[in-house]
Amino acid sequence: MRTRYRWSSPLALLACGGLLLSGCARFDDSAAGQTFSPAPAPSPESPPQVQGPGDSGTDPGKPGGSQPAPTPVPPPQGCKDFDKAVIATCLDTVATVAGLPGDGTTPSALAGERKSGRVLLATAGRDATPFEQLDVQATGDGGLTGLALSPSYVEDQLVFAYVTTDTDNRVVRFAKGQPPKAVLTGIPKGTTGNRGALANDGKGALLVATGDAGNPSASADTNSLAGKILRIDTSGKPSADNPTPGSAVFASGLHSPGGICGTADGKRLWVTDQPGNADAVYRVQAGQPLAVPAWTWPDKPGVAGCADFIDANGILAVGSASGLQNLPVNADGAVTGSPTVSLDSKGKPPTTYGRLAGMGMINPQLAVAGTTNKDGGKPVSSDDRVVLITISQTNGGQGKD
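Here is a short report on the structure shown in this document.

## Regarding the nonpolar core
Then comes step 1: Leu324 and Tyr353 are the most contacted members of the largest nonpolar core, which has 17 residues in total.
Then comes step 2: Mapped by element, the contributors of at least two residues to this core are strand S23 (315-320), strand S26 (356-363), strand S27 (366-371) and strand S28 (386-391).
Then comes step 3: One finds Ala148, Leu158, Leu184 and Ile232 within the second-largest nonpolar core, a separate group that totals 16 residues.

## Here we look at the pattern of salt bridges
Then comes step 1: Summed over all chains, the structure comprises eight salt bridges.
Then comes step 2: Here Arg231 ties to Asp241 by a salt bridge, and the two come within 2.5 Å at their closest N and O atoms. Separated by 10 residues along the polypeptide, Arg231 in strand S16 (residues 228-232) and Asp241 in the loop between S16 and strand S17 (249-252) bring together distant segments of the chain.
Then comes step 3: Ionic pairing is found between Arg385 and Asp383, a salt bridge with its closest N-O pair at 2.9 Å. Per residue, the accessibility class of Arg385 equals that of Asp383, and both read buried.
Then comes step 4: Taken together, the shared-partner salt bridges connect Asp81, Asp383 and Arg385 into one network.

## With respect to the environment of Arg385
Then comes step 1: Looking at the element boundaries, Arg385 is found in the loop between S27 and S28.
Then comes step 2: Take Arg385: its relative accessible area is 7%, and that puts it in the buried class.
Then comes step 3: Taking the C-alpha atoms as reference points, Arg385 and Cys79, separated by 306 residues in sequence, lie 9.6 Å from one another.
Then comes step 4: Side-chain polar atoms of Arg385 contact the side chain of Asp81, separated by 3.0 Å.

## Observations regarding the sheet that holds strand S18 (residues 257-262)
Then comes step 1: Spatially, four strands are ordered S18-S19-S20-S21 in an open sheet, and the strand pairing comes out antiparallel. Each end of this open sheet is capped by a strand with a single partner; those strands are S18 and strand S21 (295-297). The sheet shows a mean angle of 15 degrees between the axes of neighbouring strands, taken without regard to direction.
Then comes step 2: Of the pairings in the sheet, the one linking strand S19 (residues 269-273) to strand S20 (residues 279-284) comprises five bridges and is antiparallel in character. The residue bridging Asp273 from the neighbouring strand is Ala280, located in S20.

## Here we look at the state of the cysteines
Then comes step 1: For the structure shown, the criterion picks out two disulfides.
Then comes step 2: Between the sulfur atoms of Cys79 and its disulfide mate Cys90 the distance is 1.9 Å. Looking along the S-S bond of the Cys79-Cys90 disulfide, the torsion reads about -105 degrees, which is the left-handed sense. Of the two residues, Cys79 is situated in the loop between helix H1 (53-56) and strand S5 (86-88) and Cys90 in the loop between S5 and strand S6 (94-99); the sequence distance between them amounts to 11 residues.
Then comes step 3: Paired through a disulfide, Cys261 and Cys306 show a sulfur-sulfur distance of 2.1 Å.

## Description of the packing of aromatic side chains
Then comes step 1: Taken as a whole and judged by the stated rule, the model has one aromatic pair.
Then comes step 2: Over the face of the ring belonging to Trp270 we find Arg283, whose NZ or CZ atom lies 5.6 Å from the ring centre.

## Digging into unusual backbone geometry
Then comes step 1: Cis geometry marks the peptide bond from Asp383 to Asp384; its omega dihedral reads -10 degrees.
Then comes step 2: By the element assignment, Asp384 lies in the loop between S27 and S28.
Then comes step 3: We note that Ala213 has phi near 55 degrees; this positive angle belongs to a residue other than glycine.
Then comes step 4: Of note, Ala213 is situated in the loop between strand S15 (206-210) and S16.

The rules behind each value
- Residues numbered from 1 in each chain as written.
- Predicted model: local features only at pLDDT ≥ 70, side-chain atom pairs only at ≥ 80, totals over all residues.
- Heavy atoms only, no water.
- Core = buried A, V, L, I, M, F, W, Y, C linked by side-chain atoms within 4.5 Å.
- Buried < 20%, exposed > 50% of the residue type's maximum accessible area, 1.4 Å probe, protein only.
- Helix = DSSP H or I, 4+ residues; strand = E, 2+ residues; numbered from the N terminus.
- Salt bridge = Lys/Arg side-chain N within 4 Å of Asp/Glu carboxyl O.
- Polar contact = N/O pair within 3.5 Å; in protein donor to acceptor, adjacent residues only side chain to side chain.
- Pairing = 2+ DSSP bridges.
- Axes fitted to C-alpha atoms, helices over the stretch in contact; angles between N-to-C directions.
- Disulfide = S-S within 2.5 Å.
- Phe/Tyr/Trp six-rings, centres within 6.5 Å; stacked < 30°, edge-to-face > 60°.
- Lys NZ or Arg CZ within 6 Å of the ring centre and 35° of its normal.

Written out as C-alpha cells, the structure is:
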C-alpha cells in the first residue's frame, strides 16, 4: 500500500477556529483519485458518495437512498440535455453560482458567466432567463468569479458579485431590475491572480476571498486587500468584530482562490486555493494566516468552488477541472482520509460534467455547480451547464483497485 504525507490544518457548499490538525498527518491514499461505485451503506472506510441527482434515479431536491441502477441518459442534442440534474444549458464559462432559497421541489440558482458578466436565473424544468448584466474585464483569470446572496436576501433581495473591472477587482451589489452598485473597490488587479469568491459567514456578514493579483508577497502584506479573506457588512464596511478593528481583513495567505464555503452557522469555514505548487483547501479561522492546508493536491486538478456536507454525511465536496473531489471530514472539521473523485472525466453520462467550477447550496442535501468546459475543457453541445448535485444519505462507496 502506498502512503503519502499531507499537511493538515483548519477552513464554503454540497455535503461542503484554532488549528484542528497540526504538523504532518499520515493518510492512506491508495484509493485517491479513483471512481467510487454505489454500495448498500457507508462505512468509515468507504465514505458516502456525492453525486448528480440523475445518477441514482431520484428526483432533484429529494435525498438519495438505495436506488436501482440508473437508466443510461442519451447524449445532448444541441442545447437540449436529457440529464435530470442539468437545469441550464448553452451558457458560457459558468464560474460562479448561488443557490436560491426554496423547498427543493423546483430548485433554482443564479449562474454567473465569467467572460460576459451575465447573471442568469436557472430553474429546473425551465429555460434560463436573464437576471442581470455586469460590466467586467475578463482578461486572464478575471471577470465575474463570485456570487453570493445577501445575508438577509429574503427581505432585501440583494445579490453580491465579485468582478474585475478595467482598474481593479471589486464587490458590487444588485437586485433584479436595478443597476449594480459598488460596495468595495480598490482590490488590486494584475495580469493573473484576479479570481475571487464570495460567501455568507452565517452571522450576517459577507466573506470575500481575493487573489494576490500576481504578486505573491501581497498575500502577507497587511496593508493590501490582495490575497486575503475579507469580512464586510452589506454596505462594504469592515465587520465590527473583525480581528483588527477597522480592518476588513479576516485571514491572509491566498493566491488564486476558487471558492469559499462553510456550515450554515458559520462555525466551520473553508477556502480553496491554487498557490502554484499544489492545489489546496484551508480551514479558515479569524485572524489566523492560511499557512497550513487541510489538504493538498500535488497533481493540481484545478480546485474551485466547495460545499460543506459535513452536517449530512461528513463530506467536504470540492469542484475541480477533473470532477468532484470528496474529502471525508469528521464532526470536528478534521480531514480523515484521502479524497474520492466522483462526476469525473473518466465516467460516463450522467456521471460526468467535465470541469466543475463554482458551487452553491440550495438545501443541506442539494447543491448546484457550474461548468467551465468552454474555457479549456471539452464542451459537449449543451455546455456550459448548471448542474444539481446531491448527497446520498445511505449510498456509500467502495474503492476499486
